[in-house]
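These are the residues of each chain, in order.
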Amino acid sequence: QKEVEQNSGPLSVPEGAIASLNCTYSDRVSQSFFWYRQYSGKSPELIMSIYSNGDKEDGRFTAQLNKASQYVSLLIRDSQPSDSATYLCAVLNYNDMRFGAGTRLTVKP
Amino acid sequence: DTGVSQDPRHKITKRGQNVTFRCDPISEHNRLYWYRQTLGQGPEFLTYFQNEAQLEKSRLLSDRFSAERPKGSFSTLEIQRTEQGDSAMYLCASSYQAGTGDETQYFGPGTRLLVL
């Protein structure tokens, strides 16, 4: 079992729709959780971080964390073609950051 | 630009040659990380520094790889006797670790290595 698992996709949604990205992790003591966006050939850029159970909203993005289920998700509302990218889930346990393989999202105009 | 910078952005080398990459972190950040990323995968941790001390190295980091951060500022990653399997994007990230558990890593643009 991989330590951080994501659906590889591709996930395709129409412009204006909600995109839902999911991630599960195996280490129960993980403390911090991050979503990064990575455009093809570029480096990851931080979208959101979340540390406590529940929802955290930032503009069109909402991160959801459920530590009991070891599950973290990212919702993108009003998806735009510019949101088309690979979304990486990252889980931090003390000094050890583990990344999922990423979910490729395509937003179709 | 006050973000993380890396140099060079691209490197093509022949198998068996040595290469060195540089990373300049965000100035107030005390932690610096090196990752390797191959196509279709997420970044894989290689090593990290707290100031000038190298605190952890991944099992992925063979003895051909060495990293330094001599004055707690910039860092270098050297790969000796490169192999074709070393071809990847090498990413540097930095963060400020204040002991609060909030540690966001910010990535540089990466160095793309191709070993022929």
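For the structure, see preceding data.
Residues numbered from 1 in each chain as written. Chains lettered and ligands numbered in written order. Predicted model: local features only at pLDDT ≥ 70, side-chain atom pairs only at ≥ 80, totals over all residues. Heavy atoms only, no water.

With that settled, the discussion passes to the nonpolar core. Residues W35, V72, L74, I76 and Y87 of chain A are the most contacted members of the largest nonpolar core, which totals 23 residues. Not counting residues within four places of it along the chain, the set of residues in contact with Y87 of chain A comprises Q6, L21, W35, Y36, R37, L74, I76, G102, T103 and L105 of chain A. In this structure, I26, L61, A67 and L113 of chain B belong to the second largest nonpolar core, which totals 19 residues. (Core = buried A, V, L, I, M, F, W, Y, C linked by side-chain atoms within 4.5 Å. Buried < 20%, exposed > 50% of the residue type's maximum accessible area, 1.4 Å probe, protein only. Contact = heavy atoms within 4.5 Å.)

The subject of this paragraph is the interface of chain B and chain A. Contact residues are listed per partner, giving 23 residues for chain B and 18 residues for chain A. Here chain B meets chain A over a buried area of about 1500 Å², counting both sides, of which 50% is carbon and sulfur. Among the residues of chain B in contact with chain A, P43, Q105 and F107 of chain B are the three that bury the most area, contributing 24% of the side total. One can count three residue pairs in polar contact (both at pLDDT 80 or more) joining chain B with chain A. For the side of chain B that touches chain A, the elements supplying multiple residues, two or more each, are strand 4 (31–37), strand 5 (44–50), strand 9 (88–95) and strand 10 (106–107) of chain B. Among the elements that make up the side of chain B that touches chain A, the one with the highest residue count is strand 4 of chain B (four residues). Partitioned by chemical class, the residues of the side of chain B that touches chain A number 10 nonpolar, eight polar and five charged. (Buried area = accessible area lost by both parts, 1.4 Å probe. Polar contact = N/O pair within 3.5 Å; in protein donor to acceptor, adjacent residues only side chain to side chain. Helix = DSSP H or I, 4+ residues; strand = E, 2+ residues; numbered from the N terminus. Nonpolar A, V, L, I, M, F, W, Y, C, P; charged D, E, K, R; others polar.)

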